[in-house]
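These are the residues of each chain, in order.
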Amino acid sequence: MSKFNFKSIKGRLIISFSIIAVIMLLLVVVTIRQMSNGLGYSQDIISVNKPIQQYCIQLRDELHKSNLALNYYIQSGDKTFIANREKVWSEGIRSTVDSLSTYKDFWKDKKEGLFSGILDNLEHLRRIQGEIEGKAGYSNSSSLEIDLSTYPQNNNDTIIADLAFQEWLQAQAGGSENSNGLWADFNSYLLPLSDQVDRDILELYDLSLVAEASTHEQEINFLFRSKLFGAIGIALGLVAAGLLYFYLTNRISSSIKLVQEKVAVLSSGNLPDNQVETGDELNVILTELGNLTENLRNVKDFALEVGEGKFDNEISVFNGEGEIGSSLAGMRESLKNVAEEDRERNWENKGFAQFADILRKHSDDVNQLSETLIISLVKYIGANQGGIFILNDDNEDPRLMLAACYAYDRKKYVQKEVKPGEGLIGQCFLERHSIYLREVPDDYVNIRSGLGHASPRCIYIVPLKVNEEVFGVIELASFKELKDIEKDFVEKLAESVATSVSSVKTNSNTKRLLAESRQMTEEMRAQEEEMRQNMEELEATQEEMRRAQGEIGKKEANLNALINSADDSIIAFDMDYKATVVNDTYKQRFGGTDHEINIGENVLKNLGDAKDLWKERYDRALKGEKFEFVDEGSHDGNAVHRQYFMNPVKDNNGNIVGASATSRDVTGSKKTQEELEYKSAQFESFLNHSKDSIAILDPNYVVLVMNDTMRSRYTGTQYEGYDVGKNSLDYLGNVKDEWRGYYDRALNGENLNFTTKSSVNNEDSYREYFIYAIYDDHKKVIGIACVSRDVTENKLLQLALETKSAQFDSLLNNSADTYFAIDPEYKVTLINDELRKRYKSSGVDLDVGDSILDKIAKDEAKMWKERYDRALAGESFVVTQERKVKDDTLYLEIHHHPITDQEGNVIGASVRSRNITELELFRKGAKVVSAPGIDKEALKSFKNADAALVNKLKNIKKNMEVAISG
C-alpha cells in the first residue's frame, strides 16, 4: 500500500471533500428524517382517512337501499325485494363494516364507542326490518298495482325515490289490507333508528375529515422545514466549494503550466526534450506525453520507411494498437496490397503477351500448337503436370484426343482418348464449365517421376470454349493450390486457345476438301470421256426412237406442261437413279448450283455428305413405300424448311419402274409453328413458376388453363378435382352467384381488382384477385383471366396499423394536454384536438400542413424557433413558462423531444404542454385557487399519469414500427 501524500493534489482534494462530505452527510440525515415524517403524513391521508370517508358514504348508501327494498315490499308485496334486502345486508353492508373494522386504531384515538354503537344499531335495525317484513304476510299471489304515471312529480321517465315519493306510495297503498299497521311500525321504529345510524356515520365521516385537515397542516410545516434545511445545505456547500477552488487553483496552475509547455511544443510540430517531473499527479500526464513523443518519433521513422517502399520492416507505432496505430498498420497493409496487385497484373499481362505469340506462330498445326502451349502453360503457372485434349468430330463417334502432355519438365508421349461425358474430362466438355478438384484420388494421375511419386494437391480442368462451342479441354495438376489469379488467367487463355484451335481445324478441313475436289475433277474427266463414247452409240439408236417419241410427244407435252406449271419442285428417276422428269420449278431453284440436275443424270450426284441419306430415302420409294417428311436446309445463309412427298412410279402392269420426289417450301409455316411452340413453352413456364394462382376461363366459365400453383393449392381441399375442363361455378358453393357476377363483369370488358377473405380447407386467409377480359385480334372477348395471390400477412398488418393509429389518435385527442409534432421545415405533421381548440379560441386556425411559425405571435416567434431548433438538433428538454391570462397567472410545463427514425436520424420534433398552475403555486407555498382547465384530482397523480402517458406512447410507437418493418 502506498503512503498517503498530504501534499499531492489528490491528498488535498480528499481532505477538502471529506470536510464537505461530513457537512452534507449531516444535512442528508436530517433531510431524510424530515422526508420520512412528511411521507408518513401523506400515507395517513391515503391509507386511512380517504378509505374511511369512502366506506362511510358506501355504508349510508347500502343502508338506504335496505330501507328502500323493505318499503317497496310493503307497497307491492313482491318477494324479490326481500331477496334484494338480504343481499344488501349480506354483501354490501357486511363487507363495508368489515372494511371499516380494519381501522380500529383510528377509532381508539377518536371516539371509542362511536363505531361500536353503529354496529349495535345496525344489528337492531336489521332485526326490526325482519319483524316488519314478517308482519306483512303477503301470499305468493298477493300484489299491489300502483300507476306511477299519476305521481305529481313524474318527470317523463324519471322518478326520484325521495321521502316525498315514499309518503305518496304509502298514501296509495294506505287502503290495502296488507299494509295496515306496517307503515306505523316503519315510521315509528325503523326510520328513527335509521336516522340515528345515519347521523353516527356522518359524525364518523367528519372525524376523518378533521384528521385529514390536521395531517395537511403537519405536511405544510414539514415542507417549510425541508426548504430551510435545503437552503442551509446549499449555503454550506457553496462556501466549501469556494474555499476549495481558491486553495487548489494555485497548487494546480504551476503543474499545468509545465504540461502546457510540452503540449505547445508538440502542437508546433516538433518533438519536446526529456520530461520534467512535478511531484504530483500531473507527473503522470508528463510521463504519457513522453510516451506520446516516443511514438511520434516512431511514426516519423515509419513514414520514411513507407516512402522508400519498405513495407515489410517492423516499426512499432503505438504497439500497433489504438486508432492511430491500427490506421498506420492498415495503411501499410493497403500499400502492400496495391504493390501486390500491380505485380499480379504485370504477371498476367506478360503471360497473355507470351501465349499470344505462341498462338500466332503455330496457327497452322494443331499438334505443334498443343505441345508448345501445354509446355509453356505448365511452366508459367508452376504446375507439375498438364495435358491438352482436342475434340475429334470427323466421324459419328466424337472423341477427345490427348494432343500433348507435359510432366516433370519433360514432354510425355502418351496416347489417350476420352468420350464426352466420360470422367472429369468428358464431364467438363459436356457441362462447358471448369472443374477445380482439391481432394485428388491417389490413382488419378498415371504419370510418375523417376525419383518417386506423390499425388497432386489440386486438379484444374478448363474447357476450350468460344461462343458456347467447346473445341477441347486443358487439364493441369499441381502440388500447390492454384491462386485465383492463376485460375482466372487459365480461363481467359482457354478462350483464346479455343479460337486458335477452331481456326486451325477450319484451315485443315479446307485443305482436305480442296484435295478431295481435285481428285473428283480427275474422276469426272474420265467419266466425261466414257459418256462421250456412250453418246455416240446412243446417237445411232436415237433415230429409231424419234419415231416412237413423236407418238408420245403430245402426251409428254401435256404432262410436262402440267408438271412445269406446278409451284412444287418435282423430279422423277428410274431404278438406276437416272432423272426422268425435272420440272421448271426445280430447274429455277437449283439452276447454276452444284445441285442442278438434268434429264438422264444421276440424282445422287453432287449430294456430298447427304448422299447416303437420300439414297436410303430413294430406295424406300423404289421399294413401293409412300411417305413424306420435312427437311431443314439453308439458302443464302437463311434456314429453309421443305416438305417432301416420296412416291413409287409404276407401269401399266403395276411394276415399280422408278420413283418421284415432290417438295414445297414450308419455311413460313414451320417458323410460325416453332414460334407458337416457343411462346406456348414460355407461357406455360411463366404460369407454372408464378407464385400466384392463375386460371383462364372461356365465356361459359369452363377452365381452359390452370397453373401448377393453383392446382397444388386446391389439392386435398374441398376444391379437389377443380382443373382444366371443369366448370368453375360447379365448385363455388354458396358464393356461386357472387362469383358469376365477377366473371360476367370481366366478360363485359371490366378489369376487376379486389381483396376478399377466402377459406380453403377451413383455413381463412386474405387474397387479392385480378380478373380481366381476354380479346382476340378483332377485339372480341373470348375469355377471362383470373389471378389471385395471398395477401394475408399484408392485410393483417394493415388492420393492426389502423387499430394502433386509432388508439394513438384517441390517446392524443382525449388528453387535457396540448400536443403537436413538426418536420424539419416547421410544418405541422400531428396535432391533437385540445391544441386546435386553444388556437381556435384565439381566432387562429391550426392544422396539419401549416407552418407553426406563421401561427405564433411575432414577438414570440424567435423564442419558439430557437426551441424547435434545439429539439430538431436532437436535444430533449423541458421548459416551465409563466403566462398571463386576464387576471390570473398560468404556469405551463412544456416538453420538447426530437423524433427519430429506425436508424436514429432526426426527422422532426414533438412539443407537449401541461397546465401545472396549482402544483407550481403549491410549491411556492401560495394559496391554491382553481385555475382554468385544472382537475384537482388529476393534479394529485400528476407524475404517475405523466409517466403512464409516456410509456403508452412509447409502446404504441414501438408496435407501429414493428408492424411497418414487418
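Computed from a predicted structure; not experimentally measured.

Participant: Describe in detail the packing of aromatic side chains, supporting the description with residues and values.
Facilitator: Enumeration according to the criterion identifies 25 aromatic pairs in this entry. Centroid distance tryptophan 739 to tyrosine 742: 5.1 Å. Interplanar angle 85°. Geometry classified as edge-to-face. Here tryptophan 739 pairs with tyrosine 742, and both are found in helix 16 (residues 736–747), just three residues apart, close to one helical turn. Each member of the pair, tryptophan 739 as well as tyrosine 742, carries the same accessibility label: buried. A network of ring pairs unites the aromatic residues Phe573, Trp614, Tyr618, Phe627, Phe629 and Tyr644 as a single cluster. In this structure, arginine 620 is placed above the aromatic ring of phenylalanine 627, and the distance from its NZ or CZ to the ring centre is 3.8 Å.

Participant: Explain helix 2 (residues 80–101) to me, using residue names and the numbers behind them.
Facilitator: In an α-helix, one turn spans 3.6 residues; hence positions three or four apart end up facing the same way. Between the first and last C-alpha of helix 2 there are 30 Å, a value that for 22 residues agrees with the 32 Å anticipated at 1.5 Å per step. Of all the bends in helix 2, the greatest, near 30°, is centred on valine 88. Every buried residue of helix 2 is accounted for by Ile82, Arg85, Val88, Trp89, Gly92, Ile93, Thr96, Val97 and Leu100.

Participant: Report on the side chain of serine 663, specifying residues and quantitative values.
Facilitator: Its place among the elements puts serine 663 in strand 12 (residues 656–665). One polar contact links serine 663 to arginine 642, side chain to side chain, over a distance of 3.2 Å. If we skip the residues at most four places from it in the chain, serine 663 touches Asp568, Ser569, Arg589, Arg642, Gln643 and Tyr644.

Participant: An account of the nonpolar core is needed here, citing residue identities and associated values.
Facilitator: With 36 residues, the main nonpolar core has Ile374, Leu377 and Ile388 as its most contacted residues. Where this core is concerned, the elements lending two or more residues are helix 8 (322–361), helix 9 (366–381), strand 1 (385–392), strand 2 (399–407), strand 6 (458–466), strand 7 (469–478) and helix 11 (484–565). Sequence-distant contacts of isoleucine 374, that is, excluding residues within four places in its chain, are made with Gly386, Gly387, Ile388, Ala404, Cys405, Tyr406, Ile474 and Leu476. One finds Val88, Leu100, Leu125 and Leu193 within the second-largest nonpolar core, a separate group that totals 25 residues.

Participant: If you had to explain the pattern of salt bridges to someone new, which residues and values would you point to?
Facilitator: Using the criterion set out here, one finds 32 salt bridges in the structure. For aspartate 198, the salt bridge is made with arginine 60, and the minimal N-O distance between the two is 2.6 Å. In this pair, aspartate 198 sits in helix 6 (residues 182–267) while arginine 60 sits in helix 1 (residues 9–76), placing the two residues 138 residues apart along the sequence. With a relative accessible area of 13%, aspartate 198 lands in the buried category. Residue classification places arginine 60 among the partly exposed positions, given a relative accessible area of 26%.

Definitions and limits used
- Residues numbered from 1 in each chain as written.
- Predicted model: local features only at pLDDT ≥ 70, side-chain atom pairs only at ≥ 80, totals over all residues.
- Heavy atoms only, no water.
- Phe/Tyr/Trp six-rings, centres within 6.5 Å; stacked < 30°, edge-to-face > 60°.
- Helix = DSSP H or I, 4+ residues; strand = E, 2+ residues; numbered from the N terminus.
- Buried < 20%, exposed > 50% of the residue type's maximum accessible area, 1.4 Å probe, protein only.
- Lys NZ or Arg CZ within 6 Å of the ring centre and 35° of its normal.
- Expected span 1.5 Å × (residues − 1).
- Bend = angle between axes of the 7 residues up to and from the residue.
- Polar contact = N/O pair within 3.5 Å; in protein donor to acceptor, adjacent residues only side chain to side chain.
- Contact = heavy atoms within 4.5 Å.
- Core = buried A, V, L, I, M, F, W, Y, C linked by side-chain atoms within 4.5 Å.
- Salt bridge = Lys/Arg side-chain N within 4 Å of Asp/Glu carboxyl O.

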